Amino acid sequence: MNIVPQLIINSLIAGSIYSLVALGFNLIYGATRFFNLAHGIMAASGGYVVFFGVKTLGWNLYISIILSVFVVGCIGYLLDRFIYKPLRRKKSSNMVMLVASLGVFSTIQALLAILFSTQFHSLRAISPEQTFNLFGGIITQTQIIIILVSLISTISLHLFLSRTRFGKAVKAVSDDEEVSRIVGINTDRIIGATFFIGSSIAALAGILVGLDTGIEPTIGMSLLLKGVVAAIIGGIGNIFGGTLGAFLLGFVENFSVWKISSDWKEAITFTLLVSFLIFRPQGLMNKRK
Amino acid sequence: MSKTVKIVVWLVVIIVVVAVGTSLSRKSGDTGTGPIKIGFIGPLTGDAANVGQNSKASVSIAVEEINAAGGINDRQLEVIYEDGQCNGKTASNAANKLINVDKVPVILGGACSGETSAFTGASEQAKVVTLSYCSSVPTITEAGDYIFRDYPSDLYQGKFGAEYAYNTLGKKKVAILYVKSDWGVGIEKVFVDSFKALGGEIVAEEGYEQTSRDLRSQLTKIKATKPDLVYFLGYSDASIPGLKQAAELKLDVPMLGGDAWDDSKIFTEAGQAAEGIMFAVVNSPLNEEFKTKMEEKVGSDEITVCSPNAYDATKILAEVIGKVGTDSTKIKDELYKVSYTGGVSSDKIEFDSNGDLVGANYVVKVVRGGKSEAVK
Amino acid sequence: MIDYFVHISILFSIYAILSLSLNLVVGYAGLVSVAQAAFYGIGAYTTAILTATLGFNFFISVIVGILVAAILGFLAGLVFSKFRGDYYVLATLAFNVIIHSIFINWYDLTHGPLGIPGVLKPNLFGLSFSPNLLFFILSLLFLVAVYGVSRFIAQSSFGRALKAIREDESALKVFGYKTSVFKLSVFVASASLAAVAGSLFASYLTFVDPSTFLLTESIFILSIIILGGLGNLKGSLLGAFILVLLPELLRFVGLPDGIAAQIRQALYGLILIVLMLYRPQGLMGEYKL
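Residues numbered from 1 in each chain as written. Chains lettered and ligands numbered in written order. Predicted model: local features only at pLDDT ≥ 70, side-chain atom pairs only at ≥ 80, totals over all residues. Heavy atoms only, no water.

J.: Help me out: how do you make sense of the interface of chain C and chain A in this one?
T.: Often the size quoted for an interface is simply the accessible area lost on bringing the parts together. Facing 34 residues of chain C, the contacting portion of chain A comprises 38 residues. Along the contact surface separating chain C from chain A lie zero salt bridges. Counting across the interface, chain C meets chain A through two residue pairs in polar contact (both at pLDDT 80 or more). Per element, the largest residue contribution to the side of chain C that touches chain A is 13 residues, and it comes from helix α4 (residues 85-105) of chain C. Considering only residue class, the side of chain C that touches chain A consists of 26 nonpolar, six polar and two charged. (Contact = heavy atoms within 4.5 Å. Salt bridge = Lys/Arg side-chain N within 4 Å of Asp/Glu carboxyl O. Polar contact = N/O pair within 3.5 Å; in protein donor to acceptor, adjacent residues only side chain to side chain. Helix = DSSP H or I, 4+ residues; strand = E, 2+ residues; numbered from the N terminus. Nonpolar A, V, L, I, M, F, W, Y, C, P; charged D, E, K, R; others polar.)

This is the structure in structure tokens:
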């Protein structure tokens, strides 16, 4: 049996998830220029809010999802308001912000574990899913949704950033925060909004992973790392770069375990990262500064 | 550096030292009166928390029964529970506290082989008896004179799995999917050697990180090798999505698992995907009374792997201490002579000259309709 | 009683050595690295393999461990020295993941997840250091030696150059300093010292397995020096003291065992956040990230 079609499908699914994580990460990086490590836990939180809504409160799945995306967006906004903004005021360096975001990550992850236990939970009901046969490979309904959501989110975000006034303001802040402020843009509000949007998108990623596989407090870190690798190899701060990098990562991961033992999957991901850092640090889509 | 900061820093140091000092001075060893204390180490949090908490429950039931019957020579039995987190360093710290602060003569634990391996050096040196209710890695056999276990070594399980697959099920081509933990890797190696020795063919050996939940890459590769059977050595958290993913990928091949599959959570959460899976587990003649009490304590009918062994271990220790007292060397000598029957984990428990459980009686169970039952 | 205090002190010495080694790179050279657990592991495994499997003397294994770590540190550092701030962190992160992958997958060398038991205690001309008290004295001696070496590095002209690089690398380049050579040397030194801690750890537990050398451990060591103060060696000792003692204290407080570990993690996270907001140079540090 030819396993290439299945590998391609697996790569697309993985790439779509990483792309969603990279999307929000890039958005925030673009506006603030720091690596927000707490981004990963926003994804995990998204999954957990849905879990709470469906399992504990008994709400409808779709309502819980919409609510979760909104709630996590707010959490992202509040984190910016109370932690990152004060740090920006003090002209803290990127490293300080990075370490602070690491602190946020640890704290929220611990909270999730306390509230929901460290056990693994699936968001989806037990019944077997509808599967489709695609050129010899198999894909489930949820997985098709993942790919679609990822594509739609990327395109929507791109349109939003390039066509709306708000989007242009975000771009201005990314290019130069000082000048934007002088020109009259309320940079704090713009940045707060990017945290909201970025975190919401991350929540989507977490929810989709939860539906496809399941959630536990530790998925935040692994999703984050994949998203960061995707963002960097694609070109940090570049929306389409993140998507490109994500799919490249998905393909490399899945095709490499075909020939090399799956034991080394993690090592391969990070070797890819290091290779890019050495040979093309600006990523695929950025120009060398 | 400013004066205030210096003062603050010294204050912090003093407070910490005093706190540690006072908290340490409260404890003392066995004085001959008052409750008899033994230690317990298990993964109360983390990946294997299910097993740890379940075992803690069974131990506490044993303790209640012992104390209700008058305790040990009219002294109550008390267990000091410490969290090993299925991690060597944490378990080592826990053991050190139990040995040096609580001064227990016996430690019941650890569960994960990584936990136990990390502190048997210390407990052997301190002459504290260690009775593990769950650790199966073969290296524990050589761990020392004071180290025992009432749970069989992996050598048994891997061999049994291979023989069952080849002889009973008649499968000649097996693909292995295994978790990269000491349990998974240990059994996998024994299975491969045994299966090949019988004349079988191993068409794939795919490992996955213990924290992985997406096994699609491995399953895709396995599917391509067209095996007769998949030997899937996984813990619950990865097995549930793993079984679902196998079903989604249409890997329509029988599955044989290890004793970690003796967890009802898998059958209920994996639903249809778990239908027909088989697993080998030590034949535990659980009696109804034990089951009822566990259900009351845990709030569900779940009895994980190892918790019957923890229960029996507690009872055995109580008997031994009742006979020879709390001197750890005497306890150790007496343990070698134990021949315990009527337990819930096994019909007869004896320890060989290495402190290992003698013999292991495995049975195969199959999952039908969300519940496991013995294969006829 | 004394024994328990001795046990904690041994752990303290090991972590103190680790934090001193990391401080050289982060506090003095200003390079945030999360690779320390990898070198820690290299020292531990070298000692384990040489003493348990091959029967070598502990002290020989320490020297070999230092050499192996130095060589790997040199090779890795060679690649990383060209990176600036954020990317340096990512590269060290990748290094840690890759080395951990090797620990867990190179079964023939490391026995993978099964680990290596039976590591020998130190033995010098017939004097065996197996009683804990003697082992503690030995580890304390190592600590003093490492402290001495660190202080020597910090206060030498090499150390002063490092601090200058930390403050303004471009300026130093203009003056003709080959800054990447400096960064590389301190990284190698740091790796070697971390390996010493690893050897001690392996010998103390008489057992090594991959689970100790994860990314989370590197982050923990980083937290120690951030708390204690970057660029201040005494601060590292203080940080190690507090963060090694804290979990043990919590053990006595009697938190419900289901969440004790999580509470600890939440506390670490909060400490990082609070530090970054109000005292980014740590308790005794002189350098803000």
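J.: Just checking my understanding: could you explain the domain arrangement of chain B for this structure?
T.: All names here are of chain B. We note that the domain assignment places domain 1 (36-152 + 285-359) and domain 2 (155-283 + 363-374) within chain B. Using C-alpha coordinates to define each centre, domain 1 is positioned 28 Å away from domain 2. Counting residues at the interface gives 19 residues for domain 1 and 15 residues for domain 2. Here domain 1 and domain 2 share zero salt bridges between them. For the interface between domain 1 and domain 2, the tally reads two residue pairs in polar contact (both at pLDDT 80 or more). (Domains from an automatic or database assignment.)

J.: What am I meant to see in the pattern of salt bridges here?
T.: Pairs may arise between side chains of opposite charge once their charged atoms sit close together. Within the structure shown, the criterion is met by 28 salt bridges over all chains. One salt bridge connects Lys 97 of chain B with Glu 82 of chain B, and the closest N-O pair in it is separated by 2.8 Å. With Lys 97 of chain B in helix α3 (residues 88-100) and Glu 82 of chain B in strand β2 (residues 77-83), this residue pair connects regions lying 15 residues apart in the sequence. This pair shows no difference in class: Lys 97 of chain B is buried, exactly as Glu 82 of chain B is. For Lys 159 of chain B, the salt bridge goes to Glu 163 of chain B, with nearest N and O atoms at 3.6 Å. Of the two residues, Lys 159 of chain B and Glu 163 of chain B both sit in helix α5 (residues 154-168), four residues apart, roughly one turn of that helix. Look at Lys 159 of chain B and you get partly exposed, because its relative accessible area is 45%. Residue Glu 163 of chain B is classed as partly exposed on the basis of its relative accessible area of 31%. The network of salt bridges with shared partners includes Asp 80, Arg 88, Arg 89 and Asp 188 of chain A. (Buried < 20%, exposed > 50% of the residue type's maximum accessible area, 1.4 Å probe, protein only.)

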